[in-house]
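Tertiary structure, described
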Amino acid sequence: MTQAPTSQSESKAAQSMTSQPTSFEITTQMKLEWLRQMQLIREFENRTMQAYQQAKIGGFCHIYTGQEACAVGTIAAVNDDDPVVTAYRDHGHALARGMTPDACMAEMFGKIHGCAKGKGGSMHMFDKPNWLFGGHGIVGAQTPLGAGLAFAEKYKLEVMGEGKKKVSLAYLGDGAIDQGAFHEALNYSAVHDIPCIFIIENNGYSMGTAIHRHTANADNLISRGQSYGINSVEIDGLDICDLYNEFKPFVEQCRENSRPGFVDLKTYRYQGHSMSDPQKYRTKDEVEEYKEKDSIARLLGQLMDSGDMTEDSWKAMQKEIKEQVRAAMKFAEESPAPESSELFTDVYANPEKNLSPTAVYTHGLNNPLL
Ligand SMILES: Cc1ncc(C[n+]2csc(CCOP(=O)(O)OP(=O)(O)O)c2C)c(N)n1
Ligand SMILES: [Mg+2]
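Because the structure is predicted, anything quoted here is derived from the model rather than measured. (Residues numbered from 1 in each chain as written. Chains lettered and ligands numbered in written order. Predicted model: local features only at pLDDT ≥ 70, side-chain atom pairs only at ≥ 80, totals over all residues.)

**With respect to the overall build of the chain**
On a plain count of helices and strands, the chain comes out with 13 helices and 7 strands. Intrachain contacts of the chain at a sequence separation of at least 6 include 73% that bridge at least 24 residues. (Helix = DSSP H or I, 4+ residues; strand = E, 2+ residues; numbered from the N terminus. Contact = placed C-beta atoms within 7 Å.)

**A look at the site of ligand 1**
In the neighbourhood of ligand 1, 13 residues make up the surrounding shell, with V139, G173, G175, A176 and S206 lying closest. Broken down by class, the residue content of the shell around ligand 1 amounts to 5 nonpolar, 6 polar and 2 charged. (Near = placed C-beta within 6 Å. Nonpolar A, V, L, I, M, F, W, Y, C, P; charged D, E, K, R; others polar.)

**Quick look at the nonpolar core**
Ranked by size, the top nonpolar core spans 81 residues in total, and within it V72, M105, L172, I197, F198 and I199 carry the most contacts. In this view, I197 contacts V167, L169, V251, C254, P260, G261 and V263; residues no more than four positions away in its chain are not counted. (Core = buried A, V, L, I, M, F, W, Y, C linked by C-beta atoms within 7 Å. Buried ≥ 20, exposed ≤ 12 C-beta atoms within 10 Å, placed from the backbone.)

**Re helix α6 (residues 142-158)**
The end-to-end C-alpha distance of α6 is 24 Å, a good match for the 24 Å that 17 residues give at a rise of 1.5 Å each. Of the residues making up α6, those classed as buried are Q142, T143, P144, L145, G146, A147, G148, L149, A150, E153 and K154. Against β1 (84-85), β2 (168-173), α7 (180-191) and β3 (196-202) lie the buried residues of α6. (Expected span 1.5 Å × (residues − 1).)

**Side note on the sheet that holds β3**
Strand pairs in the sheet, formed through backbone hydrogen bonds, run parallel or antiparallel to each other. Taken together, 5 strands build an open sheet; the order of strands is β1-β2-β3-β7-β6 and the sheet is parallel. Because the sheet does not close on itself, it has two edges, and the strands there are β1 and β6 (231-236). In terms of strand pairing, β2 meets β3 through 6 bridges, oriented parallel. Across the sheet, S168 pairs through a bridge with C196, a residue of β3. With respect to the sheet, helix α10 (residues 240-257) is in contact with β3, β6 and β7 (261-266), its orientation differing from that of β6 by roughly 165°. (Pairing = 2+ DSSP bridges. Axes fitted to C-alpha atoms, helices over the stretch in contact; angles between N-to-C directions.)

**A word on the environment of A218**
By the element assignment, A218 lies in the loop between α8 (211-214) and α9 (222-226). Sequence separation between A218 and D174 is 44 residues; the distance between their C-alpha atoms is 9.3 Å. Apart from the residues lying within four places of it in its own chain, the contact partners of A218 are I211 and H212.

**A look at helix α2 (residues 28-53)**
Between its terminal C-alpha atoms α2 stretches 38 Å, which fits the 38 Å expected from 26 residues at 1.5 Å a residue. Trailing α2 by a residue or two, A55 shows a phi angle of about 65°, which is positive.

**Section: unusual backbone geometry**
Cis rather than trans, the peptide bond between G134 and G135 has omega equal to 20°. You can see G135 is positioned in the loop between α5 (101-108) and α6. Although it is not a glycine, K117 sits at a positive phi angle of roughly 55°. Among the structural elements, K117 can be located in the loop between α5 and α6. Taking the number of C-beta atoms within 10 Å as the measure of exposure, K117 has 19 and is therefore partly exposed. Despite not being glycine, D193 shows a phi value in the positive range, around 55°.

**Re the environment of G229**
Position of G229 among the secondary structure elements: in the loop between α9 and β6. On the basis of neighbour counts, which here come to 13 C-beta atoms within 10 Å, the residue G229 falls in the partly exposed class. For the pair formed by G229 and N187, sequence separation is 42 residues and the distance between their alpha carbons is 9.0 Å.

**With respect to the packing of α5 against helix α13 (residues 311-334)**
Running from N to C, α5 and α13 cross one another at 45°; their axes reach a closest spacing of 8 Å. One way to sum up the angle between α5 and α13 is to call them oblique. Judged by the twist between their axes, the crossing of α5 over α13 is right-handed. Across the interface between the two elements, P101, D102, M105 and A106 of α5 pack against Q324, V325, A328, M329, F331 and A332 of α13. (Parallel < 35°, antiparallel > 145°, perpendicular 65-115°, else oblique. Left-handed = near helix turned anticlockwise from the far one by under 90°.)

**Section: the packing of α6 against α7**
Direction vectors running N to C along α6 and α7 enclose 20°, while the axes themselves pass 7 Å from each other. When the axis of α6 is compared with that of α7, the two are roughly parallel. For the pair α6 and α7, the crossing hand works out as left-handed. Of α7, the residues touching α6 (which contributes T143, P144, G146 and A147) are A181, F182, E184, A185, Y188 and S189. Class assignment of the residues belonging to the contact of α6 with α7 gives a composition of 6 nonpolar, 3 polar and 1 charged.

Here you go:
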């Protein structure tokens, strides 16, 4: 078995299409690609749940269904080499960024061909070639990293004279806005003109606690960003075209002016917080109410109304995606478990002398201890 490639050629093509926009116009091709990506995430997540129930996936596992438009719509609005960092509900971001379903599923199965050699699991999708810097389990901890990633790119350009103007995307949940680290990241970014865009995927719950019960001024989250002098917007995260229309110019403004941004992206998750959540804190009616506004059904409806999709072409797309995910399950199943020596590799960027059995593992960095 060969190492899983980390890029999906089809989605790369769509991303490069969006990375050199002549305008912010949404083409039919873009809509079809978004539909494909959102449906891929949904199918992938459905199969992930099955695999988890069959104990093929261990540890914590957080499902993204319902939120697909958030990752797909925002990632479509940035360049392939703009850095992205997110929390533990990360399968959708990984796939939208271009990771193959094979590498993503194998990671969850704890196998060597996973994106992090099976050592990260569901919460730690990492894909440097696609500029995805995790997958982080500590609530809010990824937000200063997002600021750091944007700072590094700004430093490269303004101090070292290399590279280009970039933005970073730092995704977080509504629960994470209560964390101190998040406020430090906002403050730092505002003071130093760091073009990091903080995207709150506001699904209304922090585990089983509704937003009104866990945060003050819950109906006006953008006041958090505004209080630091950061340009802040509220966007409907269930309609991918509206989302893109509002988010794309917002990104370009942050990039151009080298300023942070704050987005309250309203969304909803269909599944429990994690695979072990009995969901006693919300009613079935509430979930059904949101399913009526489903982002995939909405985009599909638009494409059918405009005649750009037919029942048959939709069936064909679903079939192709099902096959792709089925192949990913097989790939993950057949990929070998990591050797026990892997316990000592990829742990530190600069390992102490002889700590790593490979002793030369430095990720290309100069290790002063070796
Ligand atoms: C610092 C820290 N505190 C608590 C937890 C436990 N915890 C894991 S997820 C979570 C809820 C976060 O909710 P939110 O940020 O809204 O993200 P969502 O799960 O809704 O995507 C909590 C409290 C944690 N992982 N890290
Ligand atoms: Mg939440």
